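Each chain, letter by letter, is given below.
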Amino acid sequence: GSRPSWAWLSAKLGPTTTCRYIARNLLRLLISCYMGPHRQQFVAGTEENSPLRAGGIYQKQPVLGDLVSQPVLACLMHIAYLYGEPVLTYLYLPYLSYLVTPSTGAGAGRLNSRKEAGLLAAVTLTQKIVVYLSDTTLMDILPKISQEILLPVLGFLTSPTISFPSGVQARIILCIKAISLVALVALRIGSEMVQQHLSSTLRMFFEAFSLPLAEQGLPTELATGQAGLLPHDPSALEELRKVFSPETAYSTFVPFSCLLGDVIHTIVPNHELVGHLASQYLASVPSSEEPVPGMASLERSTLGTDPFSSPCEDTHSGTFGSVLVGNRIQIPIEAQQEVSGRPSSFSLTGGGKPESALKQELPRSAHLLCGNWLAYWQYEIGVSQHDARFHFHQIKLQSFVGHLGAIKCMAPLSGEDFFLSGSKDKTVCLWPLYNRGDGTHEVSPRLTYTQHRKSVFYVGMLEAPQYAVSCDSTIHIWDPFTGKLIHAFEAPDSKVPITAVSTMPPPYSSIAMASADSVLRFIDHRKPGLQHEFRLATGANAGLIRCLAVSPSGRSIVAGFSSGFMVLLDTRTGLILRGWPAHEGDILQIKATEGNTLISSSSDHSLTVWKELEQKPLQSYKSASEPIHAFDLYSNEVVAGTVANKIGVYSLQESLSPSITKLSSENFRGTLTSLVVLPTKCHLLLGSDNGTVRLLA
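Cut-offs used in this document
- Residues numbered from 1 in each chain as written.
- Predicted model: local features only at pLDDT ≥ 70, side-chain atom pairs only at ≥ 80, totals over all residues.
- Heavy atoms only, no water.
- Helix = DSSP H or I, 4+ residues; strand = E, 2+ residues; numbered from the N terminus.
- Buried < 20%, exposed > 50% of the residue type's maximum accessible area, 1.4 Å probe, protein only.
- Contact = heavy atoms within 4.5 Å.
- Areas by Shrake-Rupley, 256 points an atom, 1.4 Å probe, with all protein chains shown as cover.
- Pairing = 2+ DSSP bridges.
- Axes fitted to C-alpha atoms, helices over the stretch in contact; angles between N-to-C directions.
- Parallel < 35°, antiparallel > 145°, perpendicular 65-115°, else oblique.
- Left-handed = near helix turned anticlockwise from the far one by under 90°.
- Phe/Tyr/Trp six-rings, centres within 6.5 Å; stacked < 30°, edge-to-face > 60°.
- Expected span 1.5 Å × (residues − 1).
- Bend = angle between axes of the 7 residues up to and from the residue.
- Nonpolar A, V, L, I, M, F, W, Y, C, P; charged D, E, K, R; others polar.
- Core = buried A, V, L, I, M, F, W, Y, C linked by side-chain atoms within 4.5 Å.
- pLDDT = per-residue confidence, 0-100.
- Polar contact = N/O pair within 3.5 Å; in protein donor to acceptor, adjacent residues only side chain to side chain.

**Some thoughts on the overall build of the protein chain**
Broken down by element type, the protein chain carries 16 helices and 31 strands. By residue count, 57% of the 697 residues in the protein chain fall in the buried class. Considering only residue pairs separated by 6 or more positions, the protein chain has 58% of its internal contacts joining residues 24 or more positions apart. Accessible surface, the protein chain as shown: approximately 28,400 Å² in total, 54% of it carbon and sulfur.

**Structural notes on the pairing of strand β10 (residues 467–471)**
Across the five residues of β10, five count as buried, placing the element largely inside the fold. Of the two faces of β10, the one holding Y467, V469 and C471 and the one holding A468 and S470 are both buried throughout. Pairing of strand β9 (residues 458–462) with β10, which is carried by five bridges, proceeds in the antiparallel orientation. When the bridges of β10 are listed, V459 appears paired with S470. Linkage of β9 to β10, two consecutive antiparallel strands, is achieved through a turn of four residues, within which Q466 is found at a positive phi near 60 degrees. Where β10 meets strand β11 (residues 475–478), four bridges bridge the pair, whose relative direction is antiparallel. By the bridge assignment for β11, V469 is matched with I477.

**Notes on the packing of helix α5 (residues 113–132) against helix α6 (residues 135–157)**
For the pair α5 and α6, the least separation of the axes is 11 Å and the interaxial angle reads 155 degrees. Here α5 is positioned roughly antiparallel relative to α6, judged by the angle of their axes. As α5 packs across α6, the resulting crossing turns out to be left-handed. Together, K115, L119, V123, T126 and V130 of α5 and L138, I145, I149, V153 and F156 of α6 make up the contact between the two elements.

**Comments concerning the sheet that holds strand β16 (residues 527–535)**
Taken in spatial order, the four strands line up as β13-β14-β15-β16 in an open sheet, and their pairing is antiparallel. Strand pairing shows two members of the sheet lacking a second neighbour, β13 (498–503) and β16, which therefore form its edges. If you compare each strand with its neighbour and ignore which way they point, the axes differ by 25 degrees on average. With five bridges connecting them, β13 and strand β14 (residues 510–515) associate as antiparallel partners. Among the inter-strand pairings, S502 is bridged to a residue of β14, identified as A512.

**Focus on the packing of aromatic side chains**
Any pair of aromatic rings gets described here by the distance separating the centres and the angle formed by the planes. For the coordinates displayed, the defined rule picks out 21 aromatic pairs. Measuring from centroid to centroid gives 5.2 Å for F205 and F206, while their planes differ by 80 degrees, and the two rings are edge-to-face. The same class applies to F205 and to F206, which are both buried. With a centroid separation of 6.5 Å and 85 degrees between ring planes, the pair formed by F418 and F481 is classed as edge-to-face.

**Observations concerning helix α3 (residues 64–83)**
Compared with an ideal rise of 1.5 Å per residue, which puts 20 residues at 28 Å, α3 spans 30 Å between its outermost C-alpha atoms and is within 8% of the ideal. The largest bend in α3 is about 45 degrees, located at Q70, with the proline P71 one to four residues further on. Every buried residue of α3 is accounted for by G65, D66, S69, V72, L73, C75, L76, M77, I79, A80, L82 and Y83. Buried residues along α3 sit in contact with α1 (3–32), α2 (36–39), α4 (86–100), α5 and α7 (168–197). Positive phi shows up at G84, right after α3, with a value of about 95 degrees.

**Quick look at the packing of α1 against α4**
Closest axis-to-axis distance for the α1/α4 pair is 12 Å, and the angle between their directions is 40 degrees. Considering the angle they form, α1 stands oblique to α4. As α1 packs across α4, the resulting crossing turns out to be right-handed. Here C19, A23, R24, L27, R28 and I31 of α1 lie close against α4, whose contacting residues are V87, L91, Y92, Y95 and L99. Looking at side-chain class alone, the contact of α1 with α4 contains nine nonpolar, no polar and two charged residues.

**Observations regarding the pairing of β14**
In terms of residue burial, β14 counts as a mostly covered element, since six of its six residues are buried. Residues S510, A512 and A514 of β14 are buried on one face, and the alternating residues I511, M513 and S515, pointing to the opposite face, are buried as well. Hairpin connection of β13 to β14: six residues between the antiparallel strands. Sheet analysis places β14 next to strand β15 (residues 519–524), joined by five bridges and oriented antiparallel. The residue of β15 that forms the bridge with A512 is F522. Between β14 and the antiparallel strand that follows it, β15, lie three residues; S518 among them carries a positive phi value of about 65 degrees.

**Observations regarding the nonpolar core**
One finds Y92, L125 and L685 to be the most contacted residues of the largest nonpolar core, which totals 138 residues. Per element, the largest residue contribution to this core is 17 residues, and it comes from α7. Ignoring any residue separated from it by four or fewer positions in sequence, one finds L125 in contact with L27, L30, L73, L76, M77, Y92 and L96. Within the second largest apolar cluster, 18 residues are counted, among which are M504, F522, L548 and V567.

**Focus on the confidence of the model for the protein chain**
Averaged over every residue, the pLDDT of the protein chain is 85; residues scoring 70 or more account for 84%. The low-confidence segment residues 47–57, where pLDDT is below 50, has 38 contacts with residues more than four positions distant or belonging to other chains.

**A closer look at the environment of D472**
By the secondary structure assignment, D472 is in the loop between β10 and β11. The contact partners of D472, leaving out residues within four places of it in the chain, are H452, R453, K454, S455, V456 and F457. At 3.3 Å, the side chain of D472 forms a polar contact with the side chain of H452. Only 2.9 Å separates the side chain of D472 from the backbone nitrogen of R453, close enough to count as a polar contact.

**Observations regarding the sheet that holds strand β17 (residues 545–550)**
Within the open sheet, the four strands sit side by side as β17-β18-β19-β20. Their pairing is antiparallel. Two strands lie at the open edges of the sheet, namely β17 and β20 (576–581), each paired on one side alone. Taking each pair of neighbouring strands and ignoring which way they run, the sheet shows an average axis angle of 15 degrees. Direction of pairing for strand β19 (residues 565–570) relative to β20: antiparallel, over a ladder of five bridges. Residue pairing for β20: V567 is matched across the bridge by G579.

Have a look at this one:
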């Protein structure tokens, strides 16, 4: 999809759903951007020669994977902008450390092309993340970045026992990306911190220069190889020889020497060998191509016979320094002239394009996670995705304040980004469900519909035309985004008011309404008058129709009576399929769900699960102290509420004892009057008799 639609979806779905489904899939997609040798080729254009030529290890020339991954990275960074820095540290970094962890078991000690692409993707995204971390966060998680990302990546990069599936090209790119990342971190934290936190990283990188030589029989301590007992792989050694060449030595050792000064000699045990390789490269470059015109003589005159005590850098190498040009960092002239053993002074001002900066602020978004939202989000992304049960933690996320009377009914819009609520105060409000604040935030209604004359007891959505339907004994059909009334239906006989309403599922546009005379009528906003009417019961014993529920397919409709009687009607033929005494008390609510299943609750304290045409109930639960007057469905469970402010989760299929939670007064004030589940987000909307709606998880 295009980037704007991703951005829109990420805000609409809220933090937990976005991070669980969108961000995790984008992270997987990022890996495939670097899969296979084709995606690891340099893009022709900017520079004709190899990217390592002018002595600069910074990646100046993008590979094809970098171009392909741009929109993916943009979406990932947009999610981080929406919900803040925790996304980078709690979601992205743990996933990246999982990507670069060496495999165990059968695949141990080997690299397949997906793992190889994962390494490239991990280093690319870590580079992005480090730029956006604040200084304090970077220092806090630096040990983690070093241990869980830099060292494992360098483990693969410098391993003489693992050859890369895409050969030397993949290893070169990983080398460029990895050392660019180390350089970025080093520049952010300064030379003192590099000694404390990045010594092992730099040591590991530079020790790789000794490996190919160890194999040739030169006396070095690394002859056994890092993996100890594993035999060295000839193709891996060949790759190492090509990657850790004199040219690489020159373009990495020089800038790190500039940054660290003499300390590099203590950090890097084989500094003499690397220095020797670097001077070899310098000697091999023809004078016409000398990296810095006129700099070699300066080096020789200043440094005398030892040109590598603290070598200085060339302007084109794009390594450490104060000015960033594109993706490369240019060393200022004064740093080049300061060729003593002291580290140069680096002023880290970003130059040119914004993506070249060492540090950028994440702009503050209205949806930043903090307080309860942050605690809930951290818990949710840590939970395994396969748990199908509804867990109610009683974390208060938001309050919706605007009604002056008890909340009688609520209905979320299908996208779960807005919901409607009807109240005793004769109004219907439309509310946004986007996350804000730390749990104490109070949201105002986006729109208030004020054309009802009595208390509103039903509100719902006609999905096909996207109209709101609300009823106060007269049915109003209106546009929820403008508040404009489309159509109003009065009861056919003013002495017999409408007592229950239900909208039909798409593709139907009709509305079912029942009145006190046990008659079910269908109306359609597109044409006047009634479509059908069916008498569901005769005689006074049946009582009023209290509630209606339509099956998800729209093929059947069930009515619940005040006497406890229930009637099932086939909407296609108009025939009554079944009528039975379901409860001993007034029926309070009915829902119909997939698999011809009905759920009813009654004033006789029972909650019962039925199959449409079977005599015996599938499950029957008794609520101990008070009846269940409000419930909603979440996959195979019923989430129910009582006037004692207790929330129970009941299973539809298995006979499990329900989990009951008492709402605390700080999370919910007043008496629970209405309850709605947001199934995608796993949240609960709870309406109170004091007119406030609360969002809890």
